[in-house]
Amino acid sequence: QVQLVESGGGLVQAGGSLRLSCAASGRTSTTYAMGWVRQAPGKEREFVAGINRSGGRTYYADSVKGRFTISRDNAENTVYLQMNSLKPEDTAVYYCAAAFTVRTTTGYDYWGQGTQVTVSS
């Protein structure tokens, strides 16, 4: 089992920045591909960004490309999502998730509890 705990969410004005963290614990001897998925009220879950097991490849939704950066520190079992130039439409609960291979919205083996990001206009 792997436990994922997100942190770093909050309230920010449009144009601002936030950095989300996702700390993994438990069976961390296995390195997983990681993803960030968000869900806004009344909407379906949406893929945001993904990173492969080594950190050498990253993937982004078109809506966040150029503004968000996913990275990982395997020694610390932590994945980050740096979010810049935030927009009100980025408001959502952000979840980190783990899988053996890179996924988009579904197919993950483990999920965190989510962290709220609210961007005011």
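Residues numbered from 1 in each chain as written. Predicted model: local features only at pLDDT ≥ 70, side-chain atom pairs only at ≥ 80, totals over all residues. Heavy atoms only, no water.

Which parts of the structure should I look at to understand the pattern of salt bridges?
Between side chains of opposite charge, a pair can form when the charged atoms approach closely. Under the definition given, this model contains four salt bridges. A salt bridge links Arg38 to Glu46; the nearest nitrogen and oxygen atoms lie 2.8 Å apart. Taking the relative accessible area as the measure of exposure, Glu46 reaches 32% and is therefore partly exposed. With a closest N to O distance of 2.9 Å, Asp90 and Arg38 form a salt bridge. Of this pair, Asp90 sits in the loop between β8 (78–83) and β9 (92–99) while Arg38 sits in strand β4 (residues 33–39); the two residues are 52 residues apart in sequence, bridging distant segments of the chain. According to the relative accessible area criterion, Asp90 is buried, its value standing at 0%. Arg38 sits in the buried class, given a relative accessible area of 5%. Beyond isolated ion pairs, a larger network of salt bridges with shared partners links Arg38, Glu46, Arg67 and Asp90. (Salt bridge = Lys/Arg side-chain N within 4 Å of Asp/Glu carboxyl O. Buried < 20%, exposed > 50% of the residue type's maximum accessible area, 1.4 Å probe, protein only. Helix = DSSP H or I, 4+ residues; strand = E, 2+ residues; numbered from the N terminus.)

Quick question: what am I supposed to make of the packing of aromatic side chains here?
The way to describe two aromatic rings as a pair is by their centre distance and the angle between their planes. This model, assessed by the stated rule, comprises three aromatic pairs. Ring geometry for Tyr95 and Trp111: centres 6.3 Å apart, planes at 80°, overall edge-to-face. One end of the pair, Tyr95, is in strand β9; the other, Trp111, is in strand β10 (residues 110–111), with 16 residues separating them in the sequence. Residue classification places Tyr95 among the buried positions, given a relative accessible area of 14%. Trp111 gets classed as partly exposed once you look at its relative accessible area, which sits at 29%. With a centroid separation of 5.2 Å and an interplanar angle of 75°, the aromatic rings of Tyr108 and Trp111 are classed as edge-to-face. Taken together, the aromatic side chains of Tyr95, Tyr108 and Trp111 make up a single cluster linked through ring pairs. Seen from the ring of Tyr80, Arg19 lies directly overhead, with NZ or CZ sitting 4.0 Å from the centre. When the ring centre of Trp111 is taken as origin, the NZ or CZ atom of Arg45, which lies over that ring, is 4.4 Å away. (Phe/Tyr/Trp six-rings, centres within 6.5 Å; stacked < 30°, edge-to-face > 60°. Lys NZ or Arg CZ within 6 Å of the ring centre and 35° of its normal.)

How do you make sense of the nonpolar core when you look at a structure like this?
Proteins that are soluble and globular tend to have nonpolar side chains buried together. Grouped together as the largest cluster of nonpolar side chains are 33 residues, with contacts concentrated most on Trp36, Leu81, Met83 and Tyr94. At the level of elements, β1 (2–7), β3 (18–26), β4, β5 (46–51), β7 (68–73), β8, β9 and β11 (115–120) are the ones that each hand at least two residues to this core. (Core = buried A, V, L, I, M, F, W, Y, C linked by side-chain atoms within 4.5 Å.)

I keep staring at the state of the cysteines and nothing clicks. Help me out?
Covalent bonding between the sulfur atoms of two cysteines defines a disulfide. Enumeration according to the criterion identifies one disulfide in this entry. Two residues, Cys22 and Cys96, share a disulfide whose sulfurs are 2.0 Å apart. With the S-S bond torsion at 50°, the cross-link from Cys22 to Cys96 turns out right-handed. Of this pair, Cys22 sits in strand β3 while Cys96 sits in strand β9, and the two are 74 residues apart along the sequence. (Disulfide = S-S within 2.5 Å.)

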